[in-house]
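# Residue-level structural notes
One letter stands for each residue in the lines below.
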Amino acid sequence: MNFFKKIFSSEKKETLDKGLEKTKTSFFSKLSKAVAGKSKVDDEVLDNLEEILVASDVGVNTTLKIIERIEARVAQDKYLGTDELNQILRDEIAGLLSETHSGEATEFDVPANKKPYVLMVVGVNGVGKTTTIGKLAYQFKKAGYNVVLGAADTFRAAAIDQLQIWADRVGVPIVRQQMGSDPASVAFDTLQSAVSQNADVVIIDTAGRLHNKVNLMNELTKVKRVMQKVIEDAPHDVLLVLDGSTGQNAFEQAKQFTAATEVSCLAVTKLDGTAKGGVVIGISDQFQIPVKYIGVGEGIEDLQVFNKYEFVDSFFK
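Where an unreviewed UniProt entry is consulted, the protein chain appears under the name Signal recognition particle receptor FtsY, with the organism given as Flavobacterium subsaxonicum WB 4.1-42 = DSM 21790. The Function (unreviewed entry) comment attached to the protein chain in UniProt states, word for word, "Involved in targeting and insertion of nascent membrane proteins into the cytoplasmic membrane. Acts as a receptor for the complex formed by the signal recognition particle (SRP) and the ribosome-nascent chain (RNC)." Per UniProt, the protein chain carries the Catalytic activity (unreviewed entry) text "GTP + H2O = GDP + phosphate + H(+)".

Across a regular strand the side chains alternate sides, sitting on one face of the sheet and then on the other. Most of strand β7 (residues 291–295) is tucked away, with four of its five residues classed as buried. Relative to β7, strand β6 (residues 265–269) runs parallel, the two being bridged by three bridges. Counted as the bridge partner of A267 is Y293 from β7. Handedness of the crossover joining β6 and β7 through helix α11 (residues 279–287): right-handed. Sheet topology places β7 next to strand β8 (residues 303–305); three bridges connect them, and they run antiparallel. Paired with Y293 across the two strands is V305, which belongs to β8.

Looking at the largest pocket, its volume works out to about 350 Å³. Lining the largest pocket are 15 residues, with K12, F108, Q139, K142 and E301 positioned closest to its centre. Of all elements in the fold, only α1 (10–19), α6 (129–142) and β8 reach the threshold of two or more residues within the lining of the largest pocket. Taken together, the residues of the lining of the largest pocket break down into four nonpolar, five polar and six charged. The two domains that each donate at least three residues to the lining of the largest pocket are domain 1 (4–99) and domain 2 (117–306). The computed volume of the second largest pocket comes to approximately 290 Å³. Lining the second largest pocket are 18 residues, and of these V127, G128, T131, T269 and K270 lie nearest its centre. Considering every element that reaches the lining of the second largest pocket, the biggest residue donor is α6, with five residues. Across the lining of the second largest pocket, the residue classes break down as two nonpolar, ten polar and six charged.

Here we take up the packing of α6 against helix α7 (residues 157–170). Here α6 crosses α7 at 20 degrees, and the two axes come no closer than 9 Å. Considering the angle they form, α6 stands roughly parallel to α7. Here α6 and α7 pass one another in a crossing that is right-handed. Taking contact as the criterion, the partners of T130, T131, I133, G134, K135, A137, Y138 and K141 in α6 are, on α7, A159, Q162, L163, W166 and V170. When the residues that make up the contact of α6 with α7 are grouped by side-chain class, the tally is seven nonpolar, four polar and two charged.

We now examine the packing of helix α10 (residues 248–260) against α11. Between α10 and α11, the shortest axis-to-axis distance is 10 Å and the interhelical angle comes to 30 degrees. Relative to α11, the element α10 lies roughly parallel. At the point where α10 passes α11, the crossing takes the right-handed sense. In this structure, α10 uses A250, F251, A254, K255 and T258 to contact α11, whose residues at the interface are V279, G282, I283, Q286 and F287. For the contact of α10 with α11, a count of residues per class yields six nonpolar, three polar and one charged.

Moving on: the UniProt feature "domain: SRP54-type proteins GTP-binding" (unreviewed entry) in the protein chain. The UniProt record marks residues 290–303 with the feature "domain: SRP54-type proteins GTP-binding" (unreviewed entry), using the residue numbering of this structure. In residues 290–303, helix accounts for 0% and strand for 43%; the two terminal C-alpha atoms are 16 Å from one another.

Thresholds, definitions, all that
- Residues numbered from 1 in each chain as written.
- Predicted model: local features only at pLDDT ≥ 70, side-chain atom pairs only at ≥ 80, totals over all residues.
- Heavy atoms only, no water.
- UniProt positions renumbered as here; feature names shortened; annotations may be inferred.
- Buried < 20%, exposed > 50% of the residue type's maximum accessible area, 1.4 Å probe, protein only.
- Helix = DSSP H or I, 4+ residues; strand = E, 2+ residues; numbered from the N terminus.
- Pairing = 2+ DSSP bridges.
- Right-handed = clockwise from strand over helix to strand, strands pointing away.
- 1 Å grid on protein atoms, 1.4 Å probe; cavity = no way out; pocket = protein on both sides within 12 Å on 5 of 7 lines; lining within 4 Å.
- Points joined across faces, edges and corners; volume = space filled by probe spheres on them.
- Nonpolar A, V, L, I, M, F, W, Y, C, P; charged D, E, K, R; others polar.
- Domains from an automatic or database assignment.
- Axes fitted to C-alpha atoms, helices over the stretch in contact; angles between N-to-C directions.
- Parallel < 35°, antiparallel > 145°, perpendicular 65-115°, else oblique.
- Left-handed = near helix turned anticlockwise from the far one by under 90°.
- Contact = heavy atoms within 4.5 Å.

Given below as structure tokens:
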């Protein structure tokens, strides 16, 4: 099984390699200890591998799937050397990710038949939501699209101001109102403005309060309903932003948000500062919601489209 071919430019690949460095170093130092003195993959090696994958925040269910696949390989080949384990793991994880039809993208693009393409962004405060929106706006603009931002997280003045800073930095228009305004009203104004400007992409920021799921659900439903008065099938995607460095907590947030609204894609941020990068593999597999973007550094260029082949290749390099 060879899933791997060169897709990213060397510069982009280097950023990805660097962003996953902590995860990779932690994973392989544990793996080399697990197979020390062993020449073949046996039950003890598999038990140790299971522990390592769970500790890398791949998640229990996904870990069990990976172990089962390796057990099947052991049964089929009768003998597997520990020196082959790295390659087998790489193949099996890529195979697992291939089953979710996502992670194939190589560029920041939008559906050709949606104009404007409306992206609603959700996620709790502190996960890098506003920063992700700013970097997305930058990447879409760089790709030649006209972008409009909507500051519908009216719960915090800081959220509106932060989005304004990004809009100014990237050089895209923003629609905003006062703190405490009705988020649905901001979303409505944003879409009307985008249509009148013949925009290609609209990115709407929303509040990230999870302490009361019912309120959040009602608010997001209302925002969607009001948007549909302007563009009947808006939003075209609901992007949930998760902080990769929180590991299992990111799983929990994904559960909560998928229960509160129809999340159609994910962005996993802050992977460069953590050894918990395995969470991308687990979340892709468990939620069957495509991971579309990953944050692998603080620079404006360091938000990348998630390509599963390049990701696994960097993880096992």
